[in-house]
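These are the residues of each chain, in order.
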Amino acid sequence: MKLQTRTRIQNEWVRRILEWVNLRPEEGERTFLMFAFYTATSVGLLWFEYSATALFLDEYGARWLPVIYIASSVMVSGLGVLYSWLQERVPMRGVLVTVAFLTGIPLLILRLTLGIGYLNGLIALGTVFLLRLWMDAVEVLNDLNSQVAANQLFNIREIKRTYPIVSSGLLVADVISGFSLPLLLFVVGTIQNVLVVAALMMIVGAGTLFYLTQRYQQAFPNLPTRDWEEDGQEFVVRRTTGHLQRYIVPLFAFFILGEALYLLVEFQYLGQLEANLEASEIAGFLGLFSGIVGIFELTSQWFLSSRAVERLGVFVAAMMLPASLAIMGLITLSGLLDVILKLLGSVITIPGFVTGLFVGLIFLRFIDELLRYTLIAGIEPFLFQPIPEGIRNSLQTRVQGIAEPITTGITGISMLAGIWLLHHVFPGQPEAQIQQWQSGMFILAIVFFSLIWLLSAWSMRSSYVTLLVDSAEQGRLGFSDVDLNAFKRTVIETLEQPGTEADKRSCIQLLSQIDPANVGEVLAPLLPRLSITLQCQSLETMLEYPNPTYCQDVQVLIEQKPPPEVLALALRYVWLTQPELDINTIKPYLHGTVDPMVRATAAAIILRRGTSQEKAEATDILRRMVISKRERERVMGTRALGEAEYLQALRVYIPYLLKDESLRVRCALLEVIAATHLDEFYPSLVRGLYYKSTREAARMALVRLGDEAIPLLLELAEDIHKPDLVRVQAWSALAEIGTSDALNHLVQQLMTSWGISRRNILRSLLKIPNEQGIDAVLDRLGRSGIETLIEQELLFLGQIYAALVDLKPELISGQEADLLRRALNDQQKDLLDNCFLLMKFLYPVGAIQAASFNLESESRSNIAMGLEILDNTIDIPQKQAFLALFDRRSFAEKLECVQELVSYQPMNPSDRVRQLIDFRHFLSDWTLACCFHLARAAHVSLTPAATLVCLRHPTGFVREAVLTYLKAASPRSCIELLPMLKHDSDRLVAAVAQQMSNEFGLVS
């Protein structure tokens, strides 16, 4: 008992910790193992980096770093191509683990060569050069390995929560490796021996990765990864023009300049260390500096970065690093730091090598490391979000996999050219003087390129928002991190300048989704200059969050005497925002000559804000409108009832309006019932779902009721005797309500439903905007819960295959048997459809949709493409079995594919039919009916209990099939039941029962 209590307490603590870091329980272990792998490898890599850098500076000096950059550019590009080539030919698991081990092994070999090298100076120089070059290679391979492993291990939704924690392993490694290096040097004695410890640490990380790939084998296919293209990537070959091109050019510049500045800062920083410190001192300083920066980075990453991006916006955060580098570079060039050091020198003792240039470059490196690995690293993925999905991945590869390595080489060549130019222009100057000029030249370059980097971020800002506006009607609204000020400026420009009405509508729509509470700030001043359609749209958007601040702009619009539809909306806005409304300003609109829309709005306002006498007058006006012979009068009068606070005497007209001959009146009244919460008329809302003409209005009215409508909808949706179409409307309404309570009920029903009901619930959840339905299911069931639902579908799919094997034509023939086989074949397609729907909760919807579409084709090439998409997308435990079901195989072979889930025992046709009827809760209605038709034709004896239960089935043709079976198998039982079935609600069943009564000679 104590052990159980202790375990429960431990589990509770684990759950709380996971919630604190925004992880779900099933993600905890995977995230921890990835974090452990990344941290261990990064610690070894950083020890290697400090040692290799110190040895390189000692042997070659910082002047040789540009040569390293050039050589590194060639090596990094080649390694990227090699890594991609290996992925296509070697199983994913093998690539990841082999590369992880191979990054550490060369260190041990190079350490041995260093031992020999001290006997031969040339070998030593070559080994140190190779060490520094291999350091860049290891950084690239480690980044590739970690990103590929994370993408395999986590799906697109999980990685948003897990990867920030995984990536913080590098920051933790900064702290651990930095502060531990001086102690490590004391223990092992020399820098060269640190390489051995670094290699062992990297091998430990590789071992962790090996365990990870074994622990989650389903995520790492034991097959080579082949290139495939998702269906619908038509943008790949589309020319990038217009707004997209104006965004892509500064996007390339942003990453290229970032890489160039990193190298310039590093070159000058390491040059100062080489000039002022010994090799062992350099290693110790690098470790201590990295440890200090790591603490700041880790604190910033966990507690500040995301909040800064959220508050400042993506592009302000992107501009912080170039702005800081430019400011710090100017301070260093100005000599201000030298003045500060002189003042401090009079108070404390400062070492002679600590100059203003030295301190300035230390601060430049500190700023660059801190902001680059926190703010910049955090926003880089978002910069690619507005790019169409079809070209996003390929463009990202070009930017980060090709453009950045080439920039490294070009920067190295430029550095060498600059150094050569200084020596050529000033041939007789002392080396120390040239070094000082060189530092000034490169710091000036840092300032110059920082300003251009700043300009590239600024250029992306407006194009980014414009691309989002262009995407508003395409469902690609990636606006979670939009800079609102820039976006609002873009909206104003779009609405003021000539353009299509559709573009402007999309612009207002997107603004209402990004910042609904403050849309009036942008739209209110523009109202008089907009078209009538846009005025209506703007006022409807502003009415969601009425604000007195913009009331004056709306009054200006009213004074212009706009059309009735605009005037009615404007009056409502003024009424909602003014606490002290002068009713006399509204009364002129009550005159009979005024348009019914405006007159009804004015009457509704007075019903809320007028005196008793004024309310009586307004009530009389609405009364005359709702009983008018003109349809428009009745429609507008009815709509106005929804705005009235108390219907009072008008309530008596509602029953008559529910029977009005006008469909528009009846639909308007359903909205009124919901708006005024007339609970005695709620059954009318439910009845409205049964008729095509009022179905949409009834559903929207129920959605408007919110949680109040949940009991009504659940009662309707759970009643299996109700028509499927009506139940679908109930599930859809629950999903559209979208509250926590509604989603809880939907998820609970998802777990207990089957067949068409489960399919309808899944589709309803998937239609909820912004993936709220997907997140709700994942929050409540987790990945493991969805995988269990998929396994349930596959389990029953195995039973379908078993039935098709046991009922093949050679064993049982006839029309009824053919019907059953066709029904079972259709049901297996429905089960596979359910699997695809469930997978959309785990993987990108577009990828699953493309795979499903291709697999439905008759073309072998399309089926192969669909299988390839699935193979590269899903990682469920039953992945291989699921994929095998789509090959052109017999049902017996498909049954073998799912034998781990279903234990197949051959049965004779009679036993198999009986078993299928036992599974009646999982069978479709038609399949169940076909079972009874075959049982009748093949003289299969069924149990009385199963037969009587199915005779009460909610579907008429199932009851009819059972009745015809009973007539053949048990006429006596049939005769006893016929009097009851002659009055069945289904006309087919009643007609069959009457015919049988006549055949048996029963008296009616």
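The preceding data block contains the structure.
From a predicted model like this one, the values you see are computed outputs, not experimental measurements.

Student: Talk me through the overall build of the protein; I want residue IDs and the actual numbers.
Tutor: Check the secondary structure of the protein and you find 43 helices and zero strands. Counting over 1004 residues, the protein shows a buried share of 52%. Of the contacts formed within the protein by residues at least 6 apart in sequence, a portion of 74% connects residues at least 24 apart. Accessible area of the protein: about 46500 Å², with a carbon and sulfur share of 58%.

Student: Describe the packing of helix α30 (residues 740-752) against helix α32 (residues 772-806), listing the residues and the values that go with them.
Tutor: Packing of α30 against α32 brings their axes to within 10 Å, and their N-to-C directions diverge by 10 degrees. In terms of axis orientation, α30 runs roughly parallel to α32. Note on element contacts: α32 touches α30 through Ala-776, Val-777, Arg-780, Leu-781 and Leu-789, opposite Ser-740, Leu-743, Asn-744, Val-747, Leu-750 and Met-751. Partitioned by chemical class, the residues of the contact of α30 with α32 number eight nonpolar, two polar and one charged.

Student: Just give me the short version of the pattern of salt bridges, but keep the residues and values in it.
Tutor: A complete count under the given rule lists 23 salt bridges for this structure. Arg-215 is the partner of Glu-29 in a salt bridge, and the nearest nitrogen-oxygen pair spans 3.1 Å. Of this pair, Glu-29 sits in helix α2 (residues 25-59) while Arg-215 sits in helix α7 (residues 191-215), and the two are 186 residues apart along the sequence. Judged by relative accessible area, which is 35%, Glu-29 ranks as partly exposed. Residues joined by salt bridges that share partners form a network here, namely Arg-599, Arg-630 and Glu-633.

Student: Could you give an account of the side chain of Gln-827, with specific residues and numbers?
Tutor: Looking at the secondary structure, you find Gln-827 in helix α33 (residues 815-839). Accessibility expressed as a relative area gives 5% for Gln-827, which makes it buried. If sequence neighbours within four positions are ignored, Gln-827 has contacts with Phe-796, Ile-800, Phe-922, Leu-923, Ser-924 and Thr-927.

Student: An account of the nonpolar core is requested, with residue identities and associated values reported.
Tutor: Of all hydrophobic cores here, the largest spans 183 residues; its most connected members are Leu-870 and Phe-882. Looking at this core, the element that brings in the most residues is α32, giving 17 residues. Not counting residues up to four positions away in its chain, the partners in contact with Leu-870 are Phe-836, Ile-848, Ala-851, Leu-855, Phe-882, Leu-883 and Phe-886. Of all hydrophobic cores here, the second largest spans 116 residues; its members include Tyr-50, Leu-79, Leu-153 and Leu-185.

Student: Please give an account of the environment of Thr-127 that cites residues and values.
Tutor: Following the sequence through the fold, Thr-127 ends up in helix α5 (residues 121-153). Relative accessible area serves as the criterion here: at 3%, Thr-127 is assigned to the buried category. Residues Thr-127 and Leu-110 lie 17 residues apart in sequence; the distance between their C-alpha atoms is 6.4 Å. When residues no more than four places from it in sequence are discounted, the contact partners of Thr-127 are Leu-110, Thr-113 and Leu-114.

Student: I'd like a description of helix α31 (residues 755-767), backed by residues and values.
Tutor: Across its 13 residues, α31 extends 19 Å between first and last C-alpha, which sits within 8% of the 18 Å expected from 1.5 Å per residue. Restricting attention to buried positions, one finds in α31 the residues Gly-755, Ser-757, Arg-758, Arg-759, Asn-760, Ile-761, Leu-762, Ser-764 and Leu-765. In this structure, the buried side of α31 is in contact with α29 (724-737), α30, α32 and α33.

Student: Account for empty space enclosed by the protein, naming residues and giving values.
Tutor: Enumeration over the complete set of coordinates arrives at three cavities of 30 Å³ or more. Size it by volume and the largest cavity reaches roughly 60 Å³. Considering the residues around the largest cavity, the lining is formed by Phe-37, Thr-41, Ala-100, Thr-103, Leu-141, Asn-142, Asn-145, Met-202 and Ala-206. Counting only elements with at least two residues in the lining of the largest cavity, the list comes to α2, α4 (92-117), α5 and α7. No other element matches the three residues that α5 contributes to the lining of the largest cavity. In the lining of the largest cavity, the residues fall into five nonpolar, four polar and no charged.

Student: Explain the packing of aromatic side chains residue by residue, including any values.
Tutor: Inspection of the entire model under this criterion finds 18 aromatic pairs. Both rings, one in Phe-254 and one in Trp-453, keep their centres 5.5 Å apart while their planes meet at 55 degrees; by these two values the pair is tilted. Residue Phe-254 is found in helix α8 (residues 242-276), and its partner Trp-453 is found in helix α14 (residues 431-470); the two are separated by 199 residues along the sequence. As far as burial versus exposure is concerned, Phe-254 and Trp-453 are alike and both buried. A connected cluster of aromatic rings, assembled from ring pairs, spans Trp-754, Phe-796, Phe-919 and Phe-922.

Student: Give a description of unusual backbone geometry that names residues and reports values.
Tutor: Phi at Lys-561 takes a positive value of approximately 55 degrees, unusual for a residue other than glycine. Considering the arrangement of structural elements, one finds Lys-561 in the loop between α19 (551-559) and α20 (564-577). Judged by relative accessible area, Lys-561 falls into the exposed class, the value being 73%. Notably, His-939 is not glycine yet its phi reads approximately 60 degrees, a positive angle. By secondary structure assignment, the location of His-939 is in the loop between α39 (925-937) and α40 (944-951).

Student: Which residues make up the environment of Asp-368, and what values go with them?
Tutor: By secondary structure assignment, the location of Asp-368 is in helix α12 (residues 356-383). Placed 110 residues apart in sequence, Asp-368 and Gly-258 show a C-alpha to C-alpha distance of 9.9 Å. Those residues in contact with Asp-368 that lie beyond four places of it in its chain are Tyr-262, Val-265, Leu-321 and Leu-325. Side-chain polar atoms of Asp-368 contact the side chain of Arg-372, separated by 2.8 Å.

Student: Please give an account of a nonpolar patch on the surface that cites residues and values.
Tutor: A cluster of nonpolar side chains, contributed by Leu-336, Val-339, Ile-340, Leu-343, Leu-344, Val-347 and Ile-348, occupies part of the molecular surface with about 650 Å² of accessible area. Structurally, Val-339 can be placed in helix α11 (residues 336-345). Under the relative-accessibility criterion, Val-339 is labelled partly exposed at 46%.

Definitions and limits used
Residues numbered from 1 in each chain as written. Predicted model: local features only at pLDDT ≥ 70, side-chain atom pairs only at ≥ 80, totals over all residues. Heavy atoms only, no water. Helix = DSSP H or I, 4+ residues; strand = E, 2+ residues; numbered from the N terminus. Buried < 20%, exposed > 50% of the residue type's maximum accessible area, 1.4 Å probe, protein only. Contact = heavy atoms within 4.5 Å. Areas by Shrake-Rupley, 256 points an atom, 1.4 Å probe, with all protein chains shown as cover. Axes fitted to C-alpha atoms, helices over the stretch in contact; angles between N-to-C directions. Parallel < 35°, antiparallel > 145°, perpendicular 65-115°, else oblique. Nonpolar A, V, L, I, M, F, W, Y, C, P; charged D, E, K, R; others polar. Salt bridge = Lys/Arg side-chain N within 4 Å of Asp/Glu carboxyl O. Core = buried A, V, L, I, M, F, W, Y, C linked by side-chain atoms within 4.5 Å. Expected span 1.5 Å × (residues − 1). 1 Å grid on protein atoms, 1.4 Å probe; cavity = no way out; pocket = protein on both sides within 12 Å on 5 of 7 lines; lining within 4 Å. Points joined across faces, edges and corners; volume = space filled by probe spheres on them. Phe/Tyr/Trp six-rings, centres within 6.5 Å; stacked < 30°, edge-to-face > 60°. Polar contact = N/O pair within 3.5 Å; in protein donor to acceptor, adjacent residues only side chain to side chain. Patch = residues over 30% accessible without salt bridge, like charges linked within 9 Å, V, L, I, M, F, W, Y side chains within 5 Å.

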